[in-house]
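Close look at the chain arrangement
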Amino acid sequence: MLLFFTLGLLIHFVFFASIFDIYFTSPLVHGMTPQFTPLPPPARRLVLFVADGLRADALYELDENGTSRAPFIRNIIMHEGSWGISHTRVPTESRPGHVALIAGFYEDVSAVAKGWKENPVEFDSLFNESKYTWSWGSPDILPMFAKGASGDHVYTYSYDAKREDFGAQDATKLDTWVFDNVKDFFHHARNNQSLFSKINEEKIVFFLHLLGIDTNGHAHRPSSRDYKDNIKKVDDGVKEIVSMFNHFYGNDGKTTFIFTSDHGMTDWGSHGAGHPSETLTPLVTWGAGIKYPQRVSAQQFDDAFLKEWRLENWKRLDVNQADIAPLMTSLIGVPFPLNSVGILPVDYLNNTDLFKAESMFTNAVQILEQFKVKMTQKKEVTLPFLFTPFKLLSDSKQFNILRKARSYIKHRKFDEVVSLCKELIHLALKGLSYYHTYDRFFLGVNVVIGFVGWISYASLLIIKSHSNLIKGVSKEVKKPSHLLPCSFVAIGILVAFFLLIQACPWKYYVYGLLPVPIWYAVLREFQVIQDLVASVLTYPLSHFVGYLLAFTLGIEVLVLSFFYRYMLTAGLTAFAAWPFLTRLWTRAKMTSLSWTFFSLLLAVFPLMPVVGRKPDISLVMGAGLLVLLLSLCVVTSLMKRKDSFIKEELLVHLLQVLSTVLSMYVVYSTQSSLLRKQGLPLMNQIISWATLASSLVVPLLSSPVLFQRLFSILLSLMSTYLLLSTGYEALFPLVLSFLMFVWINIEQETLQQSGVCCKQKLTSIQFSYNTDITQFRQLYLDDIRRAFFLVFFLVTAFFGTGNIASINSFDLASVYCFLTVFSPFMMGALMMWKILIPFVLVMCAFEAVQLTTQLSSKRHHVLNILFPLLIPLRQLLACTAWLFMYISASPNRLWMLTDPGLDLNLLHAIRACISHYVIVMSMTIFLVFLNGLAQLLTTKKLRLCGKPKSHFM
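The present account deals with the structure reproduced in this document. (Residues numbered from 1 in each chain as written. Predicted model: local features only at pLDDT ≥ 70, side-chain atom pairs only at ≥ 80, totals over all residues. Heavy atoms only, no water.)

1. Considering the overall build of the protein chain
The number of helices and strands found in the protein chain is 35 helices and 8 strands. Counted over contacts in the protein chain with a minimum sequence separation of 6, partners at least 24 positions apart contribute 79%. Working note: accessible area of the protein chain is about 40700 Å², and carbon and sulfur atoms make up 63% of it. (Helix = DSSP H or I, 4+ residues; strand = E, 2+ residues; numbered from the N terminus. Contact = heavy atoms within 4.5 Å. Areas by Shrake-Rupley, 256 points an atom, 1.4 Å probe, with all protein chains shown as cover.)

2. Remarks on unusual backbone geometry
Note: most peptide bonds trans; most residues except glycine with negative phi. Here the residue pair Val90 and Pro91 is connected by a cis peptide bond, since its omega of 0 degrees sits within 30 degrees of zero. Turning to its location among the elements, Pro91 is positioned in the loop between β2 (82–87) and α4 (94–103). The backbone of Ala503 sits at a positive phi, close to 50 degrees, despite the residue not being glycine. The topology assignment puts Ala503 in the loop between α19 (483–500) and α20 (506–513). Accessibility expressed as a relative area gives 52% for Ala503, which makes it exposed. With phi around 60 degrees, Lys677 is a residue other than glycine that occupies positive phi space. With respect to the helices and strands, Lys677 occurs in the loop between α28 (646–675) and α29 (682–694). Using a relative accessible area of 26% as the deciding quantity, one classes Lys677 as partly exposed. (Buried < 20%, exposed > 50% of the residue type's maximum accessible area, 1.4 Å probe, protein only.)

3. Considerations on the side chain of Arg440
For Arg440, the position within the fold is in helix α18 (residues 440–465). No salt bridge is formed by the buried Arg440; its nearest oppositely charged neighbour, Asp439, is found at 9.9 Å. Within the local environment of Arg440, its side chain forms a polar contact with the backbone oxygen of Ile22, the two atoms lying 3.1 Å apart. (Lys, Arg positive; Asp, Glu negative; His and termini not counted. Salt bridge = Lys/Arg side-chain N within 4 Å of Asp/Glu carboxyl O. Polar contact = N/O pair within 3.5 Å; in protein donor to acceptor, adjacent residues only side chain to side chain.)

4. Comments concerning the pairing of strand β7 (residues 280–287)
Buried residues dominate β7, accounting for 7 of its 8 residues. Across 6 bridges, the pairing between β2 and β7 is antiparallel. Counterpart to Ser82 in the pairing with β7 is Thr285. Where strand β6 (residues 255–260) and β7 come together, 5 bridges link them in antiparallel fashion. The residue bridging Ile258 from the neighbouring strand is Thr285, located in β7. (Pairing = 2+ DSSP bridges.)

5. With respect to the packing of helix α23 (residues 541–560) against helix α32 (residues 781–799)
Between α23 and α32, whose axes approach to 11 Å, the crossing angle comes to 10 degrees. Judged by the inter-axis angle, α23 sits roughly parallel to α32. The chirality of how α23 crosses α32 is left-handed. Across the interface between the two elements, Tyr547, Gly554, Ile555, Val557 and Leu558 from α23 touch Leu781, Phe788, Val791, Phe792 and Val795 from α32. (Axes fitted to C-alpha atoms, helices over the stretch in contact; angles between N-to-C directions. Parallel < 35°, antiparallel > 145°, perpendicular 65-115°, else oblique. Left-handed = near helix turned anticlockwise from the far one by under 90°.)

6. Considering α20
Looking only at α20, the buried set comprises Tyr508, Tyr511 and Gly512. In an axial view of α20, the angular spread of the buried residues amounts to 95 degrees, which keeps them on one side of the axis. (Arc of directions from axis to C-beta.)

7. A look at the sheet that holds strand β4 (residues 154–158)
Read across the open sheet, the 8 strands follow the order β4-β3-β5-β1-β6-β7-β2-β8; overall the sheet is mixed. Of all the strands in the sheet, the pair left with one neighbour each is β4 and β8 (319–320). Against the sheet, helix α8 (residues 173–189) makes contact with β3 (132–137), β4 and β5 (204–210), and its axis sits at roughly 150 degrees relative to β5, the strand it touches most.

8. Some thoughts on the pairing of β3
Taken across its 6 residues, β3 has 6 buried, putting it largely inside the fold. Residues Tyr132, Trp134 and Trp136 line one face of β3 and the alternating positions Thr133, Ser135 and Gly137 line the opposite face, and both faces are buried. Where β3 meets β4, 5 bridges bridge the pair, whose relative direction is parallel. Bridged to Thr133 within β4 is Val154.

See the structure below:
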């Protein structure tokens, strides 16, 4: 059994990692030749302002008085430059946003996970191609471009990371620091001949990263006065910097200014997903080489922003975020970043038609170079008879388009050149994506085959070893044939040889060969399959169809709950009616009524707002008071007992009561301190971390009696959960725990009703690691229902508190009792623990269910792992089906969908399936560790003094 669990965990990790290797691999290729426009550029220098976290509407809209929050920028729009909206891509985070802006490509998710401050992959950028770049701003952003640059021509000046404090008195100081240091830099340059000569060179870049707006947005929300005032401060700072540049360079007209943002922000102060408030960012450009404002009478856009912003008479030029990189490179005359996929927005350029045509031609050749390298790489590792080239862009077509473009330039047909180059770019980008996803369908099918095989093998193992389903069906034992292993060895050799001659990466061997031993193990149990079929045929058809429909309906409800949270409400409502549909109501009326009441109460939480809610500390305080009231009841009952360990248990409970009181105090005082902009008090931070550290230790000091231990676990975890709560979610673990207590009782009633075993008195049951194995029983059909209940409660534990399959559904305010200085991985770990606390409560309750129903945890754990696997399999099949539709949507595979909306809908469906697959696979893997943690919390016993006593023995 240990070998099975170890093997199962390893296979789970492989299936979990597969989704990243299939859908999230680096798009970068190397080996291209740098391309640059052969004509003199309009600017000698470029100044890039990036206002981190600035939404487009927050900059462009007018306030309640009809005035702009950024009067200088608005004056630029109306009198000096061009403007528009820069459309970002998911994930809308700082790192991928800056990579798109400065390097011109959209970084894959896996690269973001590999490093925040450093370059996990080598890529070219505007900074690298420039002669010199000076940058000021956040230590989280600047180093990744400096480290990736060749040579030492990229200079960074950043403040200490501790300044990025969401509880600070004034986050605008981050931007003030940047503006002041830029002024000091130029003042120092006047007295430093070496520096003075450098900043008077051509092809140089100045980068100002302004983090204050993002910090204020996270801390106070974009609708707050702090966020809006910060925009005004940035506008004033930009005005001063522009004036300083013009004065320093004697108004030579050779400076280009670009003002934009890396991402926006939701109304609730987060980002990362694809909401328009996150993906729509401002873009304002002016100076050398930039078109002056263009007055128009009407513009056609799918939104009503122009009228809202009162900018309908000034031409709006929208771009994709990666398009800004080629725009900047063309303005100062440096080579396009080698990995850029941006398309030069020629409408922004104020230059000759020849310059626009040559720049567009260079852009097309630069992207075509990437296509050629990608095609060559794929062709070299694919058998000739299996290689399918991208037919829309053959070698002859590439040559004809380039030759025609050169001919148009020679004959001064510049508009035709721009159109032709845009066509070539779009084809090259489609070809790049084609070769990047070339093996995706093959890998997906292999993973699905392995997945189905693993579920089949686990099912057969349960039926064979842990149930009575096939007992007595067949007593004949056939001698194993040598044909089966020889066949699978031959298949494995063929697969390995096929992958070897194509020089596939080692991970392809894992995904290609893994199904072979899995399906061999399945077919070795052919006798079990025969016996199972024979056993099923003995069941009445109506019963079999009924069970199958109920099983399918249950799985579909779980799957749909990932898309529609109210499906959990529907499921819990059905749970509430369950006792009345069975004989439980007649046997245990109070237990049945309690089950119904708490099921309906828990069903309210999935209907609560997911995101966008404002913090409500009164609800957190209310949850704390309920915990104290429950603790008072337990302490009172303990004081009435005459047991020998009463003093120790009473001390433990009083310690937990004190911890709850301290948690309430810390939540309230931290909130008050942050509202006064006085930061996180040090004492509050110490108490919070001490509470977190002790939450998994204090329960081990309590009595191993079933309900006392479970209640002790609840009290300890609730203290931590209160510290991580901002609103109604603080009540969720309480309601969930009440339902879990009732579940323990009602499951004992169901077992007695079925006549499997006699009812034990729950107050006499103690958790023990080594229970008498003779008390364990085989699995019955009702245990499938228990496994479904467990999985349903785990899914409810995830979605019931407002979490959705999106990075922007998590509120950073949840961790402010622990830290307010920006630390993405620490903050992420704390929010992950907040998610896992309800999981731990459910798993501890299930340990009690297994104990009271006399079922071996190891036997049921096999079923518990198998059941959740059906959800990711359903998602993986759906994802593969969507991908197949995506590929077969036209004769040209991925790229010529007649309905543009269909393309987006299919991509959205694939993305949703991937997100849900990752969540459920994570839950399944965590289930193994949570099962061990639950056993530790319920069975281990420590003593406050004297010789430690363990219930492992």
